[in-house]
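Summary of structural features
Next come the chains, spelled out residue by residue.
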Amino acid sequence: MSGYFDGPGPEEVFRGHLAQGRFMIQRSASTGKYVFYPRVVAPGTGEADLEWVEASGEGTVYATTVTRRRPEQGGDYNVALIDLAEGPRMMSRVVGIDPGVVTIGMKVRARVRELNGAPAIVFEPA
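Residues numbered from 1 in each chain as written. Predicted model: local features only at pLDDT ≥ 70, side-chain atom pairs only at ≥ 80, totals over all residues. Heavy atoms only, no water.

1. Considerations on the nonpolar core
Note the following rule: Among buried residues, the Ala, Val, Leu, Ile, Met, Phe, Trp, Tyr and Cys ones that are joined through side-chain atoms within 4.5 Å form a nonpolar core. When a residue's accessible area, from a 1.4 Å probe over protein chains only, is under 20% of the maximum for its type it is buried; when over 50% it is exposed; and in between it is partly exposed. Runs of H or I in DSSP of at least four residues are treated as helices and runs of E of at least two as strands, each being numbered from the N terminus.
One finds Phe23, Ile82, Met90, Val94, Ile121 and Phe123 to be the most contacted residues of the largest nonpolar core, which totals 19 residues. Counting residues per element, the ones that place at least two in this core are helix H1 (10-19), strand S5 (77-84), strand S7 (107-115) and strand S8 (118-125).

2. Observations regarding the sheet that holds strand S1 (residues 24-28)
Selection criterion: Following DSSP output, two strands are said to pair if at least two bridges run between them.
Ordered in space as S2-S1-S3, the three strands form an open sheet in which the pairing is antiparallel. Since the sheet does not close on itself, it has two edges, and those belong to strand S2 (34-35) and strand S3 (50-54), each with one partner. Pairing of S1 with S3, which is carried by five bridges, proceeds in the antiparallel orientation. Across the sheet, Met24 pairs through a bridge with Glu54, a residue of S3.

3. Considering the sheet that holds S8
Sheet strands pair by backbone hydrogen bonding; their relative direction is either parallel or antiparallel. Rules: Each axis is a line fitted through C-alpha atoms, and for a helix only the stretch in contact is used; angles between axes span 0 to 180 degrees, taken between their N-to-C directions. Residues count as neighbours in contact if any of their non-hydrogen atoms are within 4.5 Å of one another.
With respect to topology, five strands assemble into an open sheet ordered S6-S5-S4-S7-S8, the strand pairing being antiparallel. The two strands at the open ends of the sheet, each matched to only one other strand, are strand S6 (89-92) and S8. Direction aside, the axes of adjacent strands within the sheet are offset by 35° on average. As paired strands, strand S4 (residues 58-67) and S7 are joined by three bridges and run antiparallel to one another. From the neighbouring strand, Gly59 faces S7, where its bridge partner is Val108. Where H1 meets the sheet, it contacts S7 and S8, and its direction lies at approximately 70° from that of S8.

Laid out in structure tokens, this is it:
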């Protein structure tokens, strides 16, 4: 197990890529399976052969809900579960449209945008 924790952790590496405007996810070199959220070892196998690869950015809305806020608090926004084309599912937001019209099955495309003062992955309709 030595070497697993040398250098920055996986979340720090992920956030560093976001700061550079890149959406990167991990892939197991031995199985080819993609992994998200960033980890030290692959779930299920425990393999430490995770490598960083650029995500396609393509996804499909798996589930969505609208969070209601007063206009002076920024207005309504949605929270969505997105199935990435590579396989993993992630929580994010769909932006650029009214949060109430985001639908399950909608095709979306990832963008790196600032959210709450930090770079984050959000999605727009494809």
